[in-house]
Amino acid sequence: MKIVLSGMRPTGPLHIGHFFGALLNWRQLPDQGYRCFYMIADWHALSTEYASPQQIRNNVEEVALDFLAAGLDPQKSTIFVQSDVPEHTELHLLLSMITPVAWLERNPVYKEQLEALQDKELNTYGFLGYPVLQAADILIYKANCVPIGIDQLPHLELTREISRRFNYLYGPLFPEPEALLTETPKIPGTDNRKMSKSYNNCIYLKDGPETIREKITNMFTDPRRIYRRDPGHPESCPVFAYHQLFNLAEAQSIAASCISAAIGCTDCKRNLAEKVVSFLQVIREKRQALDADRELVRKILAAGGQTARAVASETLGQAKKACSFKP
Ligand code: TRP
Ligand code: SF4
C-alpha cells in the first residue's frame, strides 16, 4: 500500500486556495488506495512565527476544524499535530547530521522567503533547516507520495537527496518520495495577486454569507473594462477564475457574455457570490458544528497522534539501529 504524507503550517485559517489547491485532492486519496497522513506542522510554523507562539497554538485547532470541515475523514486518514509525535524531532536531528549546509543554502525557497519576509529575523539555524524537518516528516512514515504544490518541489527534492544519502551511509531504509501535483491552477486572490493572508485578499472557508458577498463585490475585475459597454477579457479577471471553480456549468456562457459586453461586472459578481455562498455553506455548517464540540476535535487529533506515533517510533527505531545508535 502506498503511503501519503502532507502537511500545512498553522499560521492562519485556511482559504479557498487551500481547498482547491490541496484539500480537495487530499480527501480523495484514501479512496484511491493510499494510506494517508495529514499533519498540522506546528514546529514548521514556529520557524517563522517564533515571536508569537501563542498564535500558532490557537491556529492548530482552527486548521483542524478547516481540515475536517473540508471533508478530510479521520476514519480514512490519520490527522495529527506534528509536535504530538516527538519522533519527528529526533529523526530531524539525525538527518541534520548528514545534510550538507550547502544543500540548504542553495534552496531557492529559502532564498525567496528570506527576501520576502524581511520584517522578520530569519537568519536562524531552524529556518535554514526547515527542509530537513520536512524530510523527517515525510521519511518517518516512509511516504512514497507527497501531495504538494509546485512551490514545494525544491523541498521535496531535498528530501529525496537526504533519503539517498542516509541509505548510502547506513543501508537502505527510506523510499525516495515523489510529488503528487494537483492540476488546479493557482487561484488568484480577490485583488488578482497571489492569494495570501498578508495581502488581505483571501476568501476563508469559515467566511459567512455577508462577508463573502462583500469580498466579491469589491473584487478586482478586468481593468480594460472601464464602461459597461466595453468588451471584457475573462481570462485576466479573477471573478471569472472563480466562476470556473464555483460555477462551472455557466462559465462558458459567462465568458461569452463578458466578451460581448452582454453582462456587466456587477451582475457577474452577484451571480458568483451566490454560488460561492452556497458552495461554502456545507463546509461552514460542518465547521460550526465542530467548533461547538472542540472536545471531539481534540479527541480526533489525539487519536491521530497515537496512530502516527506508532508508525513513527517504529521507523525511528530502524533508523537508529541503522546508524548504530540502538542495538
Ligand atoms: N512546508 C509545507 C508548506 O509550507 C508544510 C509541510 C511541513 C509539509 N512538512 C511537510 C508539506 C511535509 C508536505 C510534507 O506548505
Ligand atoms: Fe470579470 Fe465578469 Fe466583469 Fe467579465 S463581466 S470582467 S468576468 S467580472
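As shown above, the structure is provided for reference.
Given the structure is predicted, the values throughout are model-derived calculations rather than measurements.

Cut-offs applied
- Residues numbered from 1 in each chain as written.
- Chains lettered and ligands numbered in written order.
- Predicted model: local features only at pLDDT ≥ 70, side-chain atom pairs only at ≥ 80, totals over all residues.
- Heavy atoms only, no water.
- Salt bridge = Lys/Arg side-chain N within 4 Å of Asp/Glu carboxyl O.
- Buried < 20%, exposed > 50% of the residue type's maximum accessible area, 1.4 Å probe, protein only.
- Helix = DSSP H or I, 4+ residues; strand = E, 2+ residues; numbered from the N terminus.
- Near = heavy atom within 4 Å.
- Polar contact = N/O pair within 3.5 Å; in protein donor to acceptor, adjacent residues only side chain to side chain.
- Areas by Shrake-Rupley, 256 points an atom, 1.4 Å probe, with all protein chains shown as cover.
- Nonpolar A, V, L, I, M, F, W, Y, C, P; charged D, E, K, R; others polar.
- Phe/Tyr/Trp six-rings, centres within 6.5 Å; stacked < 30°, edge-to-face > 60°.

Enquirer: Honestly, the pattern of salt bridges in this entry has me stumped. Any pointers?
Expert: Two side chains with opposite charge may pair up if their charged atoms get near one another. Tallied over the full model, the rule gives 25 salt bridges. Residue Asp 222 is joined to Arg 224 by a salt bridge in which the shortest nitrogen-to-oxygen separation is 3.6 Å. Residue class for Arg 224 comes out partly exposed when judged on its relative accessible area of 48%. Linked by salt bridges that have partners in common, Glu 61, Glu 62, Asp 66, Lys 206, Arg 287, Asp 291, Arg 294, Glu 295 and Arg 298 make up one network.

Enquirer: Just checking my understanding: could you explain helix α8 (residues 130-139) for this structure?
Expert: The α-helix winds at 3.6 residues per turn, so residues separated by three or four positions along the chain end up facing the same way. Buried residues dominate α8, accounting for ten of its ten residues. Of all the positions in α8, only Tyr 130, Pro 131, Val 132, Leu 133, Gln 134, Ala 135, Ala 136, Asp 137, Ile 138 and Leu 139 are classed as buried.

Enquirer: Where do I start with the site of ligand 1 in this structure?
Expert: Around ligand 1, 14 residues are found, and the nearest of them are His 44, Tyr 130, Gln 134, Asp 137 and Gln 152. Between ligand 1 and the protein, one listed contact pairs a nitrogen atom with a side-chain N or O atom of Gln 134 at 2.9 Å. Separating a nitrogen atom of ligand 1 from a side-chain N or O atom of Asp 137 is a distance of 2.7 Å. Compared with its free state, where it exposes 370 Å², ligand 1 has 89% of that area covered by protein. Top element by residues in the shell around ligand 1 is α8. It accounts for four residues. Residues that form the shell around ligand 1 fall into these classes: seven nonpolar, five polar and two charged.

Enquirer: Any chance you could explain the packing of aromatic side chains here in plain terms?
Expert: Centre-to-centre distance and the angle between the planes together describe a pair of aromatic rings. As enumerated under the stated definition, the model contains 14 aromatic pairs in all. With 6.4 Å between their ring centres and 70° between their planes, Phe 127 and Tyr 130 make a pair best called edge-to-face. You can call Tyr 130 buried: its relative accessible area is 12%. The structure contains a cluster of three or more aromatic residues connected by ring pairs, namely Phe 19, Phe 20, Tyr 242, Phe 246 and Phe 279.

Enquirer: Before we go on, may I ask you to explain the site of ligand 2 in this structure?
Expert: Taken together, Thr 221, Asp 222, Arg 225, Cys 237, Val 239, Phe 240, Cys 258, Cys 265 and Cys 268 make up the full set of residues adjacent to ligand 2. Of all the secondary structure elements, the ones that give two or more residues to the shell around ligand 2 are α11 (238-246) and α13 (265-291). The residue makeup of the shell around ligand 2, split by class, is six nonpolar, one polar and two charged.

Enquirer: Would you mind going over unusual backbone geometry with me for this structure?
Expert: Backbone geometry follows two general trends: most residues other than glycine have a negative phi, and most peptide bonds adopt the trans configuration. Within the chain, Lys 142 stands out as a residue other than glycine whose phi angle is a positive 50°. Tracing the backbone shows Lys 142 in the loop between α8 and β4 (145-148). Classification of Lys 142 as partly exposed rests on a relative accessible area of 26%. Its identity as a non-glycine residue notwithstanding, Asn 200 has a phi of 60°, on the positive side.

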